[in-house]
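Residue-level listing of the chains:
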Amino acid sequence: MKQGECRIISPVFRNINRNRTDRISIAMNTQSIFLNLAVGGAFFAAILCPVRGEEGLEPEKKILSRHKTPPTYVRNEKDDSKWPGMIREGIDAARKYFGNYGPVYVYILGHEDKTLNSEEFHRELVETYCRHHCGDDREKLRYCKAGPGMELVKKAHSGRGDAYLSMVGDTDPPIAELVFINPHKFRDPYLYTRGIHEYTHVYQRSFPFTPTWMVEGGAEFFAAYLGEKNGWEKLSDAMKEFMKNVHRVKDPELDIEDMEDVDKVSPAVKKYYRHLAYDAGAWAFAFMIHKSKGRSIADTREVLYPLVAKHGWERALVEFAQVKDKRAFYKAFRAFLKTPLEAQLKMLETLED
Ligand SMILES: [Zn+2]
């Protein structure tokens, strides 16, 4: 890697998404301009070439915004399988709910029919991907195509499923990329809700930093909630599954408070990334709505996130959940986790649309 060509910056935060078959995939939702991708179980550094204004990156300003153009899909046009349509339906359900934010590019690659993994399509995809990252600079493009671009193709050929959001943060405006690799590996109807999950991150990235548990927990909550609205799954069933995972955390000292920024936690905490950020996070997100004035899920969109934009996440949480401070919220949530499942599910029923 020619490090002189393209800066390497650690991701501000990384998110692990997973499907319900317990396969963990690595996802990105980062404020940095540097991405890690998991390929073949190993991380590699994916460069984002400093096209313009790379110095003095100001993450707060590098956020997405309301956007007129719908997501652009980069996919194999010869692929007439159901998978791209399912991804699009999930994303569109979330767009309908949150509004259109962006710009967003959706890459869909990899297929159970090997002939659809054509060289021609992969060339086009890599070309588009690298142009987003490196602009017209020929040398950087060459590097990108041989490096991160090629890794995407390898991942498609590997047959493993993966989906994640990454941000191209050094362009103006920044670009969100939703990458779906080998979508046939996702269990039906999970591909729909995965689209919702990833697009929820696009919405979240249109606001300043929020804690990891709110990012992943919120995305899981909306995947289940909008999944139910669209007839793909049941919110209470999904939440029951999440609660099972919450109880799999062996260290009783750990909770969502330890998952405010996954990139700053110790390996012992990161071990429970999924359980704390996604599973407990989804319940904390619901609990936060339950504590709010209107108990309305839509108020997260109408009240919570505008508060985040105005005052930052801590004050937004305090005002929205009507608590003295964030510690009071964490304490109340810890007590809630100790209540019986039946009572927990009853809490869910108090939530309004
Ligand atoms: Zn996620």
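Residues numbered from 1 in each chain as written. Predicted model: local features only at pLDDT ≥ 70, side-chain atom pairs only at ≥ 80, totals over all residues.

### Details of helix H2 (residues 119-134)
Here is step 1: The end-to-end C-alpha distance of H2 is 22 Å, a good match for the 22 Å that 16 residues give at a rise of 1.5 Å each.
Here is step 2: Buried residues of H2: Phe121, His122, Leu125, Val126, Tyr129, Cys130, His132, His133 and Cys134, and no others. The buried side chains of H2 occupy one side of the element, clustering within an arc of 165° when seen end-on.
Here is step 3: Looking at the buried residues of H2, the elements they touch are strand S6 (72-74), strand S8 (104-109), helix H3 (138-158), strand S9 (162-168) and strand S10 (175-181).
Here is step 4: Glycine 135 sits one or two positions beyond H2 and adopts a positive phi of about 60°. (Helix = DSSP H or I, 4+ residues; strand = E, 2+ residues; numbered from the N terminus. Expected span 1.5 Å × (residues − 1). Buried ≥ 20, exposed ≤ 12 C-beta atoms within 10 Å, placed from the backbone. Arc of directions from axis to C-beta. Contact = placed C-beta atoms within 7 Å.)

### Comments concerning the sheet that holds S6
Here is step 1: Taken together, 4 strands build an open sheet; the order of strands is S6-S8-S10-S9 and the sheet is mixed. A strand with exactly one partner marks an edge of an open sheet, and here the two such strands are S6 and S9. Going from strand to strand, the sheet's axes swing by 20° on average, the running direction of each strand aside.
Here is step 2: Taken together, the 7 bridges between S9 and S10 define a ladder with antiparallel strand orientation. Each bridged residue has a counterpart across the sheet, and for valine 168 the counterpart in S10 is isoleucine 175.
Here is step 3: The sheet strands contacting helix H4 (residues 190-204) are S8, S9 and S10, and the helix crosses S9 at an angle near 15°. (Pairing = 2+ DSSP bridges. Axes fitted to C-alpha atoms, helices over the stretch in contact; angles between N-to-C directions.)

### Side note on the packing of H4 against helix H5 (residues 212-229)
Here is step 1: Where H4 meets H5, the axes come as close as 8 Å, and the angle between the chain directions of the two elements is 135°. It follows that H4 is oblique to H5 by the angle criterion. As for how H4 packs across H5, the hand of that crossing is right-handed. Each of Tyr192, Thr193, Ile196, His197, Thr200, His201 and Gln204 in H4 lies in contact with H5, whose residues at this interface are Val215, Gly218, Ala219, Glu220, Phe222, Ala223, Ala224, Leu226 and Gly227.
Here is step 2: Here the residues of the contact of H4 with H5 sort into 8 nonpolar, 7 polar and 1 charged. (Parallel < 35°, antiparallel > 145°, perpendicular 65-115°, else oblique. Left-handed = near helix turned anticlockwise from the far one by under 90°. Nonpolar A, V, L, I, M, F, W, Y, C, P; charged D, E, K, R; others polar.)

### Focus: the pairing of S8
On a regular strand, each side chain points to the face opposite its neighbour's, so the side chains alternate between the two faces of the sheet.
Here is step 1: Counting buried positions over the 6 residues of S8 gives 5, a clear majority of the element.
Here is step 2: As judged from the 3 bridges shared by S6 and S8, these two strands associate in the parallel manner. Of the residues in S8, the one forming a bridge with tyrosine 73 is valine 106.

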